2 protein chains.
Amino acid sequence: MKKTLLLGLLVAGLGGAHAQTTTVASPDKNIVLKTQLAANGTVSYSVSYKKNTFVEPSTLGFSLSRPKTMLTQFSLVSIDSSTVDETWRPVWGEVNQIRNHYKALTLTLKDKAGIVVKVAFRVFNEGVGFRYEFPKQEHLNHFVVADELTQINLAGDYKAFWIPGDYDTNEYLYNTTPLSQVDAVAAAAKETDIALKSVIGPNVIQVPLMLKNPTGMYVNLHEAALVNYPVMHLALDKKTFTLTSHLVPDAVGNKAYLQTPFTTPWRTINVSDKATDILASKMILNLNEPSKITDVSWIKPQKFIGMWWEMHVGKATWEKASGKHGANTANVKTYIDFAAQHGFDGVLVEGWNEGWEDWFGNWKENVFDFITPYPDYNTKELTDYARQKGVRIIMHHETSGAVTNYERWMDKAFRYMQDNQMNTVKTGYVGRIIPRGEHHDGQWMVNHYERVAQKAAEYKIMVEAHEPAHPTGLHRTYPNWLANEAARGNEFNNAPKLGLVPEHETILPFTRLMGGPMDYTPGFFHFQLNQYDASRTTRVRTTLAKQLALYVTMYSPLQMAGDFPENFNKHLDAFQFIKDVPVDWDDTKVLAAEPGDFITIARKAKGKPNWFLGAISDENARTSVLNFDFLEEGATYQATIYRDGEGADWKTNPEAYEIEKMTVTNKTTLSIRLAKGGGCAISIIKQ
Amino acid sequence: MKKTLLLGLLVAGLGGAHAQTTTVASPDKNIVLKTQLAANGTVSYSVSYKKNTFVEPSTLGFSLSRPKTMLTQFSLVSIDSSTVDETWRPVWGEVNQIRNHYKALTLTLKDKAGIVVKVAFRVFNEGVGFRYEFPKQEHLNHFVVADELTQINLAGDYKAFWIPGDYDTNEYLYNTTPLSQVDAVAAAAKETDIALKSVIGPNVIQVPLMLKNPTGMYVNLHEAALVNYPVMHLALDKKTFTLTSHLVPDAVGNKAYLQTPFTTPWRTINVSDKATDILASKMILNLNEPSKITDVSWIKPQKFIGMWWEMHVGKATWEKASGKHGANTANVKTYIDFAAQHGFDGVLVEGWNEGWEDWFGNWKENVFDFITPYPDYNTKELTDYARQKGVRIIMHHETSGAVTNYERWMDKAFRYMQDNQMNTVKTGYVGRIIPRGEHHDGQWMVNHYERVAQKAAEYKIMVEAHEPAHPTGLHRTYPNWLANEAARGNEFNNAPKLGLVPEHETILPFTRLMGGPMDYTPGFFHFQLNQYDASRTTRVRTTLAKQLALYVTMYSPLQMAGDFPENFNKHLDAFQFIKDVPVDWDDTKVLAAEPGDFITIARKAKGKPNWFLGAISDENARTSVLNFDFLEEGATYQATIYRDGEGADWKTNPEAYEIEKMTVTNKTTLSIRLAKGGGCAISIIKQ
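Residues numbered from 1 in each chain as written. Chains lettered and ligands numbered in written order. Predicted model: local features only at pLDDT ≥ 70, side-chain atom pairs only at ≥ 80, totals over all residues. Heavy atoms only, no water.

Student: I'm lost on the overall build of chain A in this one. Help?
Tutor: Scanning chain A from terminus to terminus reveals 13 helices and 38 strands. The globule rule puts the C-alpha radius of gyration for 687 residues at 26 Å, and the 25 Å found for chain A is close to it. For chain A, the spread of C-alpha atoms along the principal axes amounts to about 80 × 60 × 50 Å. For chain A, the residues scored as buried account for 67% of the 687 residues in total. Once local pairs closer than 6 in sequence are excluded, the contacts in chain A between residues at least 24 apart make up 71%. Working note: accessible area of chain A is about 22800 Å², and carbon and sulfur atoms make up 50% of it. Positive and negative side-chain charges in chain A, numbering 71 and 75 respectively, have mean positions lying 4 Å apart. (Helix = DSSP H or I, 4+ residues; strand = E, 2+ residues; numbered from the N terminus. Rg over C-alpha atoms; globule rule 2.2 N^0.38 Å. Buried < 20%, exposed > 50% of the residue type's maximum accessible area, 1.4 Å probe, protein only. Contact = heavy atoms within 4.5 Å. Areas by Shrake-Rupley, 256 points an atom, 1.4 Å probe, with all protein chains shown as cover. Lys, Arg positive; Asp, Glu negative; His and termini not counted. Charge placed at Lys NZ, Arg CZ, Asp CG, Glu CD.)

Student: Looking at this structure, I do not really get the pattern of salt bridges. What am I missing?
Tutor: Any two side chains of opposite charge can pair if their charged atoms end up close together. Counted according to the given criterion, the structure contains 66 salt bridges over all chains. As a salt-bridge pair, A:Lys667 and A:Glu633 come within 3.3 Å of each other at their nearest N and O atoms. Here A:Lys667 is found in the loop between strand 36 (657-664) and strand 37 (669-674), whereas its partner A:Glu633 is found in the loop between strand 34 (622-627) and strand 35 (637-644), with 34 residues between them in sequence. For A:Lys667, a relative accessible area of 59% corresponds to the exposed category. Between B:Asp618 and B:Arg622 there is a salt bridge, with the nearest N and O atoms lying 2.8 Å from each other. Residues joined by salt bridges that share partners form a network here, namely A:Glu365, A:Arg408, B:Glu407 and B:Arg451. (Salt bridge = Lys/Arg side-chain N within 4 Å of Asp/Glu carboxyl O.)

Student: I'm lost on the interface of chain B and chain A in this one. Help?
Tutor: By a widely used convention, the size of an interface equals the accessible area lost when the partners come together. Listed per partner, the contact involves 29 residues of chain B and 29 residues of chain A. On inspection of chain B and its partner chain A, the count reaches four salt bridges. Here B:Arg408 ties to A:Glu407 by a salt bridge, and the two come within 2.5 Å at their closest N and O atoms. Taken together, the links from chain B to chain A amount to 14 residue pairs in polar contact (both at pLDDT 80 or more). For the side of chain B that touches chain A, the elements supplying multiple residues, two or more each, are strand 21 (256-259), helix 8 (403-419) and helix 9 (443-458) of chain B. (Polar contact = N/O pair within 3.5 Å; in protein donor to acceptor, adjacent residues only side chain to side chain.)

Student: Looking at this structure, how should I read the UniProt feature "domain: Glycosyl-hydrolase 97 C-terminal oligomerisation" (unreviewed entry) in chain A?
Tutor: Residues annotated by UniProt as "domain: Glycosyl-hydrolase 97 C-terminal oligomerisation" (unreviewed entry) correspond here to residues 584-684 of chain A. Note that residues 584-684 of chain A is 0% helix and 58% strand, and that its end C-alpha atoms are spaced 15 Å apart. (UniProt positions renumbered as here; feature names shortened; annotations may be inferred.)

Student: Explain the domain arrangement of chain A here, please?
Tutor: Residue and element names in this part refer to chain A. Segmenting chain A into domains produces domain 1 (2-286) and domain 2 (543-554 + 579-687). In this structure, domain 1 and domain 2 have C-alpha centres spaced 36 Å apart. Of the residues lining the interface, 14 residues belong to domain 1; the matching set on domain 2 comes to 15 residues. Across the interface of domain 1 and domain 2, roughly 1100 Å² is buried in total on both sides, 55% from carbon and sulfur atoms. The interface formed by domain 1 and domain 2 contains two salt bridges. Between Glu594 and Lys212 there is a salt bridge; the shortest N-O distance is 2.7 Å. For the pair domain 1 and domain 2, the number of links is seven residue pairs in polar contact (both at pLDDT 80 or more). (Domains from an automatic or database assignment. Buried area = accessible area lost by both parts, 1.4 Å probe.)

Student: Explain the confidence of the model for chain A to me, please; I cannot follow it from the model alone.
Tutor: Where the model shows low pLDDT, its predicted coordinates should not be examined in detail. All names here are of chain A. Within chain A, residue pLDDT values average 96, and 98% of them lie at 70 or more. Overall, residues 8-16 carries pLDDT values under 50, and its contacts beyond four positions in sequence, including any with other chains, amount to eight contacts. With a pTM of 0.96, the predicted complex shows an ipTM of 0.94. (pLDDT = per-residue confidence, 0-100.)

Student: Would you mind going over the relation of the copies chain B and chain A with me for this structure?
Tutor: Superposing chain B onto chain A takes a rotation of 180 degrees plus a shift of 0.0 Å along the axis, which leaves an RMSD of 0.0 Å. Look at the turn and shift together and you get a two-fold axis relating the two. When the interface residues of chain B are mapped onto chain A, 100% of them are again interface residues, pointing to one common binding face. (Least-squares fit on C-alpha atoms with pLDDT ≥ 70 in both.)

Student: What should I look at first to understand the UniProt feature "domain: Glycosyl-hydrolase 97 N-terminal" (unreviewed entry) in chain A in this one?
Tutor: Those residues carrying the UniProt feature "domain: Glycosyl-hydrolase 97 N-terminal" (unreviewed entry) are residues 24-290 of chain A in this numbering. For residues 24-290 of chain A, the helix share is 6%, the strand share is 51%, and the end-to-end C-alpha distance is 25 Å.

Student: How do you make sense of the side chain of B:Ser48 when you look at a structure like this?
Tutor: All names here are of chain B. Structurally, Ser48 is set in strand 4 (residues 43-49). The buried category is assigned to Ser48, whose relative accessible area is 11%. What Ser48 contacts, discounting residues up to four positions off in sequence, is Asn30, Ile31, Val32, Thr53 and Phe54.

Student: Can you help me understand the sheet that holds strand 19 (residues 232-237) of chain A in this one?
Tutor: Two modes of strand pairing occur in sheets, parallel and antiparallel, and in both the strands are linked by backbone hydrogen bonds. Residues and elements named next belong to chain A. Read from one edge of the open sheet, eight strands run 2-3-4-5-13-20-19-16, paired in antiparallel fashion. Because the sheet does not close on itself, it has two edges, and the strands there are strand 2 (20-25) and strand 16 (204-206). For this sheet, the mean inter-axis angle between neighbouring strands, taken without regard to orientation, is 25 degrees. (Pairing = 2+ DSSP bridges. Axes fitted to C-alpha atoms, helices over the stretch in contact; angles between N-to-C directions.)

Student: Even after reading the chapter, I still don't get the nonpolar core, so can you show me in this structure?
Tutor: Across soluble globular proteins, nonpolar side chains have a tendency to be buried as a group. Grouped together as the largest cluster of nonpolar side chains are 206 residues, with contacts concentrated most on A:Tyr45, A:Phe54, A:Phe121, A:Leu209, A:Leu221, A:Ile269 and A:Phe414. Among the elements that make up this core, the one with the highest residue count is helix 9 (residues 443-458) of chain A (eight residues). For this core, the domains that each give at least three residues are domain 1 (2-286) and domain 2 (543-554 + 579-687) of chain A. Among the nonpolar cores identified, the runner-up in size contains 205 residues, and B:Ala339, B:Leu348, B:Met422 and B:Ile461 belong to it. (Core = buried A, V, L, I, M, F, W, Y, C linked by side-chain atoms within 4.5 Å.)

Student: Looking at this structure, how should I read helix 13 (residues 572-580) of chain A?
Tutor: For the α-helix, the turn length of 3.6 residues means that residues three or four positions removed from each other point alike. Of all the residues in helix 13 of chain A, the buried ones are A:Ala574, A:Phe575, A:Phe577 and A:Ile578. Along the axis of helix 13 of chain A, the buried residues cluster in a sector spanning 140 degrees; they form a single face. (Arc of directions from axis to C-beta.)

Student: Teacher, can you tell me more about the packing of helix 11 (residues 544-553) of chain B against helix 13 (residues 572-580) of chain B here?
Tutor: How two helices pack is summed up by the angle between their axes together with the distance between the axes. Residue and element names in this part refer to chain B. Here helix 11 crosses helix 13 at 10 degrees, and the two axes come no closer than 9 Å. When the axes of helix 11 and helix 13 are compared, the pair comes out roughly parallel. Of the residues in helix 13, those touching helix 11 at Leu544, Leu548, Tyr551 and Val552 are Ala574, Phe577 and Ile578. For the contact of helix 11 with helix 13, the class distribution of residues is seven nonpolar, no polar and no charged. (Parallel < 35°, antiparallel > 145°, perpendicular 65-115°, else oblique. Nonpolar A, V, L, I, M, F, W, Y, C, P; charged D, E, K, R; others polar.)

Shown next as structure tokens:
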């Protein structure tokens, strides 16, 4: 169904004297989008949910630096509307099929110089996405964006889960305040654990931004399909609660170098009166393009362990000069042995290559070459050993921020991986970016991350990036791009000052994970981190049971067991859950969720009748009432419950856990006590 | 012979109360360098030639931005002196062996924070070179240069042959004025033919800078061995005639990111009372490192023709959409035929690859991929055809300034060349540089040009770069780096406004060519350039005979015959000189020279007894008296003289030439009339 209304004559006839409005409702009619072209040519939109207007009229437009012009006043050329309802199957995911159902509305606009800009809206039951489209046209070919002038004009002083706007990092702790109390500069100033900060200003915050209004409406703002464009942050007017797009600049202050035809990323607004709907939404994936990789047979979700946490806690080092180099051949063999013994797919090895004596911090360009192992690391021997044991070594490409250098070596680096049986790479971007003056979140780097996914696919390599720009659902388009860090990960438990907080994992799914899977590296079984470095005062701020639950609540097709074998070996009964939990799913049920407080999710294993459930709490103890009605009618299951033990508490007694087996059916209801900073993981195996 | 004087105790004893001076003279005693450490810790040097101090005390130092400090006040740790006298053989060149004979003086200095800086001077008979050395040390590892504070404090208001200081181009016409009348901004403003200018300021000019003092002393300022450092321009104080180094900044305003041990490029001061000595000097080559390429068997000086001038004059186009695409298979075959028929080694083909519809001017990154030919250009067919004809196609890698993109493709691009029998590449850097904010002359690009030479060597490929930073003798270190443009080339004859001037080629050897060979593309046989594009008002501003003479006066191991076959075919008798003239030499005699007026040079063919002579004039006619006493005693030679014909004049009658044969010996003297903008070329073949 597609309708076009050509307004050329009509607009001319009206002489622009009256405002022109158009509305479109979501398929379930709960969401209504209204667009308006004012008499002065200003274009705006507003959004209501169940008749409650939560995005007040918000203007749209651009400022270009080449050609030097403001694209803020338009006449209407045409309005197109259509409905799409289709279903597609992701290569991997939380569910095995996804319905893409929306009403579309596209305004074709023309500015006074004849430049044509389209604004395309898609209204789903879950929310609204919109983007700008610059078609190929006579009056615009190459152009440079000075600013995008998109507003999201919120109806009130909503409670916000926010991190400071920053051109280079998204590894902040979340702040929970009303919008009127945002102070990004003050929040960032406390964050001494972050090595490189480029804070934008007191009123600029990041997306994904989770909001809750006083009536219990949940709103989530993000972007989808960030391609060839800088990251969007949001500048907040604390009086009007208007958020305006703030794009990340390049080295000379421009935002984006574009050429028609071009479409911006989608600006997304999820909305529901149920927090669980926000987590279940597939709108952002639906707004991304289908896979560009045709043969996906080599792409496999996977679990891995790694030679990395030893370095974080000071047991070993990345660099060799210390005398306690972690990634030596003998050590790595013990990891391969452990992985093989417990059925892991991969072993990540960090610190295997020359350069760690002198990496980030100096804006040095030629740090690593990605193909030269330390003398005590025998690539060939380990390749053979891993193959013999049925395990893959996962490559680590830390760039030290020197991306020009990485791009020069990338082909050779990927070929080296291919030659040595490696098909997954963890990339890293610690430190200031080279090209100097560019930022992690700028257009140039956004293009780089995509180039890595593309080039890796040429070599049949899967990718997870650390310190990249925030994900925006591009794993649909590049399913070999399994996961990213792009937020404060579990590793921050070891950071010297703030570390993590127990609520952190109840916020991340509402924020960072809206854009895609995270390599959060759960699975820490040892909680005091001063074992090897007495100066460490921070520690893991969960219980052990919660570490298990994270494998379900923090979705990723690439899950690490973060701790090292010595610590797993102390709790092999609990470790069994990590061994059992899948990384690919047929179905997902978000059973309960409140950002900052708790999350309970159940997922059905891909191609199997078994379910896995995770429930986590914040710093408060609480009782989680679990209703197993998602199970198959009439079937019986053996549930193995890994829960906080008597007296468990993230602070005083994190290692107290209990493992209990019982039979459950779809009639079962269970009340489970979650400790402070606690959680519960359950495997539910069909009998 | 090496002497070290340790001054630690002595300086302490003196308490810095007195100035400490040291002098060192050139081997022939004509040049005396004097260094002084003042009581306040300031280090300076001065230089005299034949007792005439032409560089007055000039201070040395650095400003660092990390660590934030001024390196301008020192105490003296030690003084080392030595003498070197050695001879080496270049892979190719103007002469087959080069004597490296100098007196060295190195001051080891320490600043108040303990940072050690050495200043190394070498005093040759031809001039002085000096550089800073930052040894590996406790107090300095990584450091960032804010400014280099090197002065060259000239003794008077010398006549200067200068071009405006510019971060991105050196393609200016030369201005000849006293230093007191330099106005770089005004000079640059006239230059509308240059697409991209980044003029620094009214008083900043470029090196190589040619100077002449009122008593007839010639001074040339340049730099040698520009490695991992930005280009040095010179900021002029028009009252004191002090020149201070002005380094090209990066995207964020820093000058250089360095790590100890590090040595800066050499700052060079050539001096003589004979202009011919300046041209004959090998000091800059001597200050460069020996070849880093061990197997040089594949490196060959060469002559070539090319599919390029057709595009400049509008007969054909680089891009395909025009309908008159030059680089199609059939056209290129005619070039291969012509090259084979006349004994040329190579055929340059520009516009062979996709992308020319949309190249420079838009700061677009992904313009070319360097491996995708236009559909009408059959690489394989032409590879086979060229091989069969004994000719090599010369590859063209125009980057459009998008260097990040080129670096990503470089390996594939060089492999494509290897696969298709190509062993020489012409690179190009037209337009604004990407990484955006970087400049053609900045440290990042200087490193890029070197990377290209290094990577090309891996593939046994020879390089000539267009639009690079000025050469500084690095062809000694990378003998596969045959030539560069890096100045206003013969192609500017076709530029719409200023074009070239007849004196241009009498200045270039004193300026641009001090750093190394230029791909000047002489050999234009058709002078009115409005044949295919009626809008062209500029034209070639030499006579035809002068075009021939340039093959001798403008030394390069890579010489193009710039025009296209159709025009050569009209003057095949004159073309014979281009066929005969070698591109590699046993010996060179600079017979006469005055910058801006005339140059006469004779060269002996490598491994043969034959000589070739070129004489050129500026806009004035003049008589050149040629003394053949450089020929072998007792031998007879047949000289073929290609000279301006009766009534020849670059403006009114450029195509008038005469060819005369005569027998000459080392007793012969000839008076040859050079026309306005004219010249004379002579081949002297031993009988």
